[in-house]
Amino acid sequence: MRTPIHRPTAAFRAALAVPVIGPFRKAAMMTRPFLFLRTVALGALLALLTPGTLHARPYPHSTVRMPGEVYLADVDGDGQSEFLQVAGNRLFVTRTNFQKTGVAHLYTPSDITRVIVGRFSGPARDEVCLVLADGTLNCYEPTGTAGEMRRWSTQPAILSGAEEAVIGDFDRNGRDEVLVQNRASRSFRLYFLSLAGRFETNPAFAPGNITGLDWNLRAGDFNGDGRTDLLAFNSAGQVARYDAVYHDSKLTFWWAFTTGGGTIPAGESLSVAAVDDNATEDVVLRNRSTGAVRFFQMQYAGGGLTPLTSVPMGQISREVPGELYWGRFRGASTAPGAAFRDDAMVYNTATGVIHRADAAWDGSRYTYWWAYSQHAPSYHQGWPAGQQRRWLVLMCKMRDVSTQSLPGVSWASSPAQFLRRQFTAEGAGLGGQYDYWRDLSYGTVDMAGSEVRGWYPMAQTRAQLQAMSRWDKINACITAAGVNPAEWFNVVAVINDLLDSGAAGGRVILDHGCYTLHHCTGHELGHGYGLPHAFDDLNADYGDGYDVLGGMGDPGWFRFATTYFGDGGPSLNAPNKLRLGWLPANRVATLVPSSTAQTRTLTVAAINRPEANGVLQVKVRFPGVADDSRYYSVEFRRKDGWDRSIPRETVLIHEYRDGISYLIRAGGGPEWLTGETFVGQNRVRITINRIDLAESTATVTVTW
């Protein structure tokens, strides 16, 4: 029994093919006449097109979430879906090819609680919007540089944890909207991305026939008119279709049909995909016990859906237990059926292996061909919990130096502003210490909550302070400020003229010989985080120019000019990152010696590109050492980000002993390039087989 509610006639539906410009569009267009005329002209053009030509290639709707906080989206606009992996406040983007090539990484101010993906600005690519634990919604896009992503929008979150988001181009304007469903209250809200770059509620939206609906929702263009429609289903296995239309100057949804119970049999999962070569999307049912897949058109037929029998499941994996997901994995193709068809991916939830099958043409019909089987990306696993590191920065002046300025700083409106933008979240994105330590720790260290205070007059003159130890100088500033250091992670004393720069007991003192140099400030904060100096194998203190805790010796720091804070870089070496607990165990390969020689070939991801597919460090332990007190360390560096000033991409080898890292220069180092072999103690040989810049990896063979 199916009784249409406000079912539009075919003639009326055709008349609605031209979008009505709602009031939310008029307000913006009055200030942009050209945009208004262009939109009206586009609407007229769309009215002349047949429904099947509205989109050259439909793209998946809604946010596709796989097990383990893995999502699918075309982030870089190359026409192929990428994996998005969430780990706390970290996001890693990798390709869906066999190599799982790294694309980008992102560290957010607080943990990611929701991922929303859509083409909110237009059809070029998916945009990634993240709801954070701090209650904000932030949208990001790749910069194309050093694997970084930039935030282009931030606002209060538009949905709560109990609400669902359905993404689609419901009004056929070429940009996705967000339909928020509150199943508890059976209510709906529709958001669009305004010209101001914020998601705003659409005042020209009316729920129509979905009013009061609490069923599960999926999105797709089921009638080929270029608008995203809704598929609803319930626990009884019923399926209903609601079409997006304009009526009385409102964007709304009209009921099309509802099937009988059991359309989705118990034990089967439902997904939406473009299965055959047309402009409509289809329904896919997968049996969770057998792995068998059936295709249907989203059309009513005898109390159920219309079977789509012209396309077999082909080589789509039948492995169980598993779930079926859809995306654009194969990229551009001129083969028949390439324009409108999605590719399949089965995720085995027991083994963590993914099986990809691409839409194909076998010469007579559409089908699916196996592409690869590979372990699912797992970079979201094992990362440390966030570390709140609240520094108290005190501005102190010597008794015989009255100035309350910071020599060498001219761009800031005040000394306090300069220091806030260096040490606190106020400087996020400006390249100060706040950004630096967040990047080096892979988002672990959070300096938000740090404060800058002062000026405080010290009781001592310059001469008296010069006669004091570094520890006592810092404490003189603390005493002048009257603060309790125990309430903070640590203290930085900033002095109003030349006196001293360094660290003692984890506390830091800076004058303008250091705070105007990003790398010098970073070096001293590194001591505050518990790091010693980085040596080389000549036992030269400061001998490791690839580590901010080294570099004062020959050849000096590999540094570059930052925009606001003087020369900056480089990053930290792998032993120091491991020492601070910033490398997850599954990204470190530990090779333990035995009585006979062993050989292993490994892929090493650039330590400054954690989205790349490989371990971030290889450790080769010394014989008789049961822990990490002595080992050889292998890492790979890309010449970008905080390491942009190193001479070239290279493998670095360190010896770690007695809590100190030693950069190996002897025997051809410190750079180890393709074809070169390091020969160490205890039959250790490390050969660099390949450096692959496209993958941001190095392949090494280790004998130990």
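Residues numbered from 1 in each chain as written. Predicted model: local features only at pLDDT ≥ 70, side-chain atom pairs only at ≥ 80, totals over all residues. Heavy atoms only, no water.

### Description of the overall build of the protein
Heads up, the condition is: Strands are runs of DSSP state E lasting at least 2 residues, helices are runs of H or I lasting at least 4, and numbering of each runs from the N terminus. Residue burial is assigned from relative accessible area. The probe radius is 1.4 Å, only protein chains are included, and a residue is buried under 20% of its type maximum, exposed over 50%, and partly exposed in between. We get accessible surface area from the Shrake-Rupley algorithm with a probe of 1.4 Å; when it comes to residues, only the shown protein chains can shield them.
Within the protein, the secondary structure is distributed over nine helices and 44 strands. Every one of the 704 residues in the protein was classed for burial, and the buried ones make up 57%. For the protein, the accessible area works out to roughly 26,800 Å², and carbon and sulfur atoms hold 52% of it.

### Regarding the packing of aromatic side chains
Note the cut-off: Within 6.5 Å between ring centres, the rings of Phe, Tyr and Trp (the latter by its six-membered ring) count as paired, and their orientation is classed by plane angle as stacked under 30 degrees, edge-to-face over 60, tilted in between. Over a ring means this: the NZ of a Lys or the CZ of an Arg is within 6 Å of the ring centre and within 35 degrees of the ring normal.
One pass over the full model with this rule turns up 31 aromatic pairs. Seen in terms of ring centroids, Trp391 and Tyr529 are 5.7 Å apart; in terms of plane orientation they differ by 85°. Their pairing is edge-to-face. Here Tyr529 lies in the loop between α8 (518–528) and β33 (535–536) and Trp391 lies in strand β27 (residues 391–397), a separation of 138 residues in the sequence. A relative accessible area of 10% means that Tyr529 is categorised as buried. Above the face of the Tyr368 ring, Arg341 is positioned so that its terminal group lies 4.9 Å from the ring centre. Geometry around Trp488 places Arg390 over its ring, the cationic atom sitting 4.1 Å from the centre.

### Considerations on helix α4 (residues 415–423)
Note the following rule: Whether two residues are in contact is decided by their heavy atoms: any pair within 4.5 Å suffices.
Taken across its nine residues, α4 has seven buried, putting it largely inside the fold. Buried residues belonging to α4 abut β27, α5 (433–440), β29 (451–457), β30 (490–495), β32 (507–510) and α8.

### Considering the environment of Thr563
Within the secondary structure, Thr563 is located in the loop between β34 (560–561) and β35 (567–568). The sequence separation of Thr563 and Leu430 amounts to 133 residues, and the corresponding C-alpha distance is 7.8 Å.

### With respect to the sheet that holds strand β36 (residues 588–591)
Stated formally: DSSP bridges decide pairing: two strands pair if at least two such bridges lie between them.
Here we have six strands laid out as an open sheet, ordered β33-β41-β40-β39-β38-β36, and mixed in their pairing. If you trace the sheet from one side to the other, it starts and ends with β33 and β36, each paired once. Bridge analysis of strand β40 (residues 650–657) against strand β41 (residues 660–663) gives four bridges, and the strand direction is antiparallel. Counted as the bridge partner of His654 is Leu663 from β41.

### Brief notes about the pattern of salt bridges
Condition: Salt bridge, as used here: a side-chain nitrogen of Lys or Arg that lies within 4 Å of a carboxyl oxygen of Asp or Glu.
Tallied over the entire structure, the rule returns 38 salt bridges. Salt-bridge contacts for Arg241 lead to Asp243; the nearest nitrogen and oxygen are separated by 2.9 Å. The salt bridge partner of Arg609 is Glu611, with a shortest N-O separation of 2.8 Å. A cluster of three or more residues bridged by salt bridges with shared partners is formed by Asp76, Asp78, Glu82 and Arg95.

### Topic: the state of the cysteines
Worth spelling out the cut-off: Cysteine sulfur atoms are paired as a disulfide whenever they come within 2.5 Å of each other.
One pass over the full model with this rule turns up three disulfides. Covalent S-S linkage joins Cys396 and Cys477, the inter-sulfur distance amounting to 1.9 Å. With the S-S dihedral at roughly 80°, the linkage between Cys396 and Cys477 falls on the right-handed side. Highlighted residues: Cys396 in strand β27 and Cys477 in helix α7 (residues 470–481), separated in sequence by 81 residues. On the basis of relative accessibility, which here comes to 0%, the residue Cys477 falls in the buried class. With a sulfur-sulfur separation of 2.0 Å, Cys514 is cross-linked through a disulfide to Cys520. Given an S-S torsion of about -110°, the disulfide between Cys514 and Cys520 has left-handed geometry. The buried category is assigned to Cys514, whose relative accessible area is 1%. Looking at the protein, its bonded cysteines, counted consecutively from the start of the sequence, adopt the pairing 1-2, 3-4, 5-6.

### Some details on the sheet that holds strand β23 (residues 343–348)
Quick reminder of the rule: Simply put, an axis is a line fit to the C-alpha atoms, just over the touching stretch for a helix, and the angle between two N-to-C directions goes from 0 to 180 degrees.
Taken in spatial order, the four strands make up an open sheet running β22-β23-β24-β25, and their pairing is antiparallel. Two strands lie at the open edges of the sheet, namely β22 (322–327) and β25 (366–375), each paired on one side alone. Going across the sheet, the axis of each strand differs from the next one's by a mean of 25°, ignoring polarity. Bridge analysis of β23 against strand β24 (residues 353–361) gives four bridges, and the strand direction is antiparallel. Bridging from a neighbouring strand, Met345 pairs with Arg356 of β24.

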